[in-house]
Amino acid sequence: METDYSDAAKSIVKVHFPPTKQLSSGAWGQRWRVETDVDIPTERAILDSAERVMSQDAFDVRIDLTGRRSVDLLVTLRADPAQGRFLYAIYNALKVFDHMVARISSVEDQPREHWTPLREWATESK
C-alpha cells in the first residue's frame, strides 16, 4: 500500500533556532529573541523567579529586557548543545516564560503558532 504524505507535509513549519556559540568558559550560548503581546513586567523579583524556574541542571536562562515587549532569553548550556535533551528543556523554558512573565507572540521572528510548546491545540468533540 502506497501512502502520499505530501498533503500532510504542507502543514509542517520549520522553526528557526538561534545559532549556538562556544563561550570562552567552554560552555555554549544561545540568544533567543522573544516578542510578547503585552508590556513585560520590569520587577526584578518576577524575572528572577522565572529565570530560576526556566534554568535546569544542564543550563541557565537569563532574561535580558530589550524593549517594552521584547526580551532576549540568554541560554548558557554547560554541555554539548547537539544533545536532543536541550530541545525539551528550551521548549519548557518558553512555556514557563509564557505563563510566568508575559504571553509570547513570536520567537525568533516566527509566530507563536509555529512553536509546539506555545501552540494552542484545537480540540474537537466527536
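Here goes a summary of the coordinates provided. Only a predicted model underlies this, so the values are computations on that prediction, with no experimental measurement involved. Within any chain, residue numbers begin from 1 and follow the written order of that chain's sequence. Per-residue local features are limited, in this predicted model, to residues with pLDDT of at least 70; the limit for side-chain atom pairs, both in listing and counting, is 80 or more; totals at the level of whole chains, interfaces and linings are taken over all residues. The side-chain values count all of the structure's non-hydrogen atoms but skip hydrogen atoms and water molecules.

1. Quick notes on the overall build of the protein
Runs of E in the DSSP output that reach at least two residues are strands. Runs of H or I that reach at least four are helices, and both are numbered from the N terminus. When you go through the protein residue by residue, the secondary structure sums to three helices and six strands. Starting at the N terminus and walking to the C terminus, you meet the elements of the protein as α-β-β-α-β-β-α-β-β. Each residue is placed in one exposure class: buried if its accessible area under a 1.4 Å probe, protein chains only, is under 20% of its type's maximum, exposed if it is over 50%, and partly exposed if it falls in between. Taking all 126 residues of the protein together, 36% fall into the buried category. In the form shown here, the protein has an accessible surface area of approximately 8,200 Å², with 51% of it arising from carbon and sulfur atoms. Accessibility throughout is a Shrake-Rupley quantity obtained with a 1.4 Å probe, and a residue counts as covered only by protein chains that appear here.

2. Describing the nonpolar core
Formed by 29 residues in total, the largest nonpolar core has its most connected members in Met54, Ile63, Leu73, Leu94, Phe97, Val101 and Trp115. At the level of secondary structure, the elements contributing two or more residues to this core comprise strand E2 (28-36), helix H2 (44-54), strand E3 (59-67), strand E4 (70-77), helix H3 (85-100) and strand E5 (104-107). Contacts of Leu94, omitting those with residues within four sequence positions, involve Val34, Leu73, Ile104, Val107, Trp115 and Leu118. What makes a nonpolar core is a set of buried Ala, Val, Leu, Ile, Met, Phe, Trp, Tyr and Cys residues whose side-chain atoms join them at distances within 4.5 Å. The contact criterion used throughout is that any non-hydrogen atoms of two residues lie within 4.5 Å.

3. Observations concerning the environment of Ala89
Relative to the assigned elements, Ala89 resides in helix H3. Overall, the relative accessible area of 3% leaves Ala89 in the buried class. Put simply, Ala89 and Met54 are 35 residues apart on the chain and 8.1 Å apart in space, counted from C-alpha to C-alpha. With residues near it in sequence (within four places) discarded, Ala89 still touches Gln56 and Phe59.

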